[in-house]
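Listed below, chain by chain, are the residues.
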Amino acid sequence: AQDPLRVVLADLGEPIEESAELGFPESAEYATNQADMALTLVNKFEVPEQEDSSVKALFIRTKRMIIDLIRFRGGKSLPELLTSKPMREEEEAYAASVDKRKKDYEKAKKEDSDRPIAQTQTFASLAELQAKALVNVEELTRQGRCKKENNYQDLLNAVAQDIRNQRQYRKQRKQELDKITQTLAELRRKQELYSTTISEYDRYVNDCMKHMGKARPRNKGFAGLFGGNKPKTVVEDTWVEGRSVKYSAARLKEKGVLVSIDDMSDTQLRLVTIEIVSSSVKGVFEISASAMLKSAKMDLLLQDLLELQYQNTATMRLFDSCTVNVNLLLFLINKKFLNA
């Protein structure tokens, strides 16, 4: 999109030499031009802010009415446009336009009922629109916004200015709409990608939960040869509340489950005891660590471990100071709790 500031700069043209604009130094003209300058920004499409808000709104509404009159009526001047009687063909064209506006409004409202949609003011007939516009123009004349002596030329100039800039506005709106459409398409593509990823992850977790609950049949003498007990197949069937395993931190490091504990040497690891207990909630373990007179506890979700494994995350933190191997911790839990 073209930068609006560049459009303004293009309208201003090339910069003038300072000496040509301000005069030469030490000249009277130069001293005069060194006075402070104040610039006030004014919306060129609306009346000044210091005017009464009701007059401002009336001025804008009247411009819209005049644009409608120009579309459907002919005339040599604005007073003629406001006072001459509309022809039947003009009334029919206006009625068809009003009907189309109403249908477009109802369609837009039905397609997006949650978003507020502005409805353009319409009149029963072109003659009614003409009469209302005439009343508004007379009121604006009393407020000093236009003059009857010059056939309300100030009002026509404001309408012409709006029409002249309408093309630029439409171009900017189209560029903005294209950008929004492109962004929306990209968001929908990402949404579809993330939805697929979530579905794959959910399927992966479910498969892992089922396979981690499977156990190999143990052959114990004749019971193993002639059937024995059938293995359980899912986590829910093998979950036993209160089952626990306890190791020293040094032993867990030998197994590779524990990577390190912050600010502790291998010798000090022998003084730390870590216990894992299956809680009353299936898939949730209570992990406690104790050393000397200090202890800490936390909950560990089996699903969190599976998610880290799915993301190919090698390690995770426990108690904000303990680093463990995700795959080996899962192996330990599977062996001691789910296949026990």
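Residues numbered from 1 in each chain as written. Predicted model: local features only at pLDDT ≥ 70, side-chain atom pairs only at ≥ 80, totals over all residues. Heavy atoms only, no water.

Asks: What should I look at first to understand the side chain of Q130 in this one?
Replies: Here Q130 lies in helix α7 (residues 126-142). Residue Q130 is classed as buried on the basis of its relative accessible area, which comes to 6%. (Helix = DSSP H or I, 4+ residues; strand = E, 2+ residues; numbered from the N terminus. Buried < 20%, exposed > 50% of the residue type's maximum accessible area, 1.4 Å probe, protein only.)

Asks: Explain empty space enclosed by the protein to me, please; I cannot follow it from the model alone.
Replies: Taking a probe equal in size to a water molecule and rolling it over the atoms shows the remaining empty space. Scanning all chains against the criterion turns up one cavity of 30 Å³ or more. Space inside the largest cavity adds up to approximately 30 Å³. Around the largest cavity, the lining residues are W239, V240, R243, S278, F285, F337 and L338. Grouping the amino acids of the lining of the largest cavity by side-chain chemistry returns five nonpolar, one polar and one charged. (1 Å grid on protein atoms, 1.4 Å probe; cavity = no way out; pocket = protein on both sides within 12 Å on 5 of 7 lines; lining within 4 Å. Points joined across faces, edges and corners; volume = space filled by probe spheres on them. Nonpolar A, V, L, I, M, F, W, Y, C, P; charged D, E, K, R; others polar.)

Asks: Any chance you could explain the packing of aromatic side chains here in plain terms?
Replies: For any pair of aromatic rings, the description rests on two quantities: the centre-to-centre distance and the angle between the ring planes. Taken as a whole and assessed by the stated rule, the structure comprises two aromatic pairs. Arranged with centres 5.0 Å apart and planes meeting at 65 degrees, the rings of F285 and F337 form a pair that is edge-to-face. Of the two residues, F285 sits in strand β4 (residues 284-291) while F337 sits in helix α13 (residues 326-338), which places them 52 residues apart along the sequence. The exposure class assigned to F285 is buried, which follows from its relative accessible area of 0%. (Phe/Tyr/Trp six-rings, centres within 6.5 Å; stacked < 30°, edge-to-face > 60°.)

Asks: Got a minute to help me understand the packing of helix α4 (residues 53-72) against helix α6 (residues 88-111) in this structure?
Replies: Geometry of a packed helix pair, given as the angle between the helix axes and the separation of the axes. At their nearest, the axes of α4 and α6 sit 9 Å apart, and the two run at 125 degrees to each other. One way to sum up the angle between α4 and α6 is to call them oblique. In the crossing of α4 with α6, the sense of the turn from one axis to the other is right-handed. Residues D68, R71 and F72 of α4 lie in contact with α6, whose contacting residues are E90, A93, Y94, S97 and R101. In the contact of α4 with α6, the residues fall into three nonpolar, one polar and four charged. (Axes fitted to C-alpha atoms, helices over the stretch in contact; angles between N-to-C directions. Parallel < 35°, antiparallel > 145°, perpendicular 65-115°, else oblique. Left-handed = near helix turned anticlockwise from the far one by under 90°. Contact = heavy atoms within 4.5 Å.)

Asks: I keep staring at the packing of α4 against α7 and nothing clicks. Help me out?
Replies: One can describe the packing of α4 onto α7 by two numbers: an axis separation of 9 Å at closest approach and a directional angle of 140 degrees. In terms of orientation, α4 lies oblique with respect to α7. Considering the relative orientation of α4 and α7, their crossing is left-handed. Contacts from V55, L58, F59, T62, M65, I66, D68, L69 and F72 of α4 reach α7 at L126, L129, Q130, K132, A133, N136, V137, E139 and L140. Tallied by class, residues from the contact of α4 with α7 come to twelve nonpolar, three polar and three charged.

Asks: Could you clarify how one ought to interpret the pairing of strand β6 (residues 315-318) in this entry?
Replies: In regular strands, side chains alternate between the two faces of the sheet. Side chains M316 and L318 project from β6 onto a buried face, and the interleaved T315 and R317 project onto a face without burial. For β6 and strand β7 (residues 322-325), the ladder comprises four bridges, and the chain directions are antiparallel. Within β7, the position partnered with T315 by the bridge is N325. (Pairing = 2+ DSSP bridges.)

Asks: Sorry if this is basic, but what is going on with the pattern of salt bridges here?
Replies: Following the criterion strictly, the structure yields 13 salt bridges and no others. Taking the shortest distance from any N to any O, the salt bridge between D162 and K63 comes out at 2.9 Å. Separated by 99 residues along the polypeptide, D162 in helix α8 (residues 153-212) and K63 in helix α4 bring together distant segments of the chain. The exposure class of K63 is buried, given its relative accessible area of 4%. Residue K253 is joined to D266 by a salt bridge in which the shortest nitrogen-to-oxygen separation is 2.8 Å. Of the two residues, K253 is situated in helix α11 (residues 249-255) and D266 in the loop between β2 (258-261) and β3 (272-278); the sequence distance between them amounts to 13 residues. What makes K253 partly exposed here is its relative accessible area of 33%. Counted as one network, the salt bridges with shared partners bring together D68, R71 and R101. (Salt bridge = Lys/Arg side-chain N within 4 Å of Asp/Glu carboxyl O.)

All quantities given are derived from atomic positions and should not be read as evidence of function.
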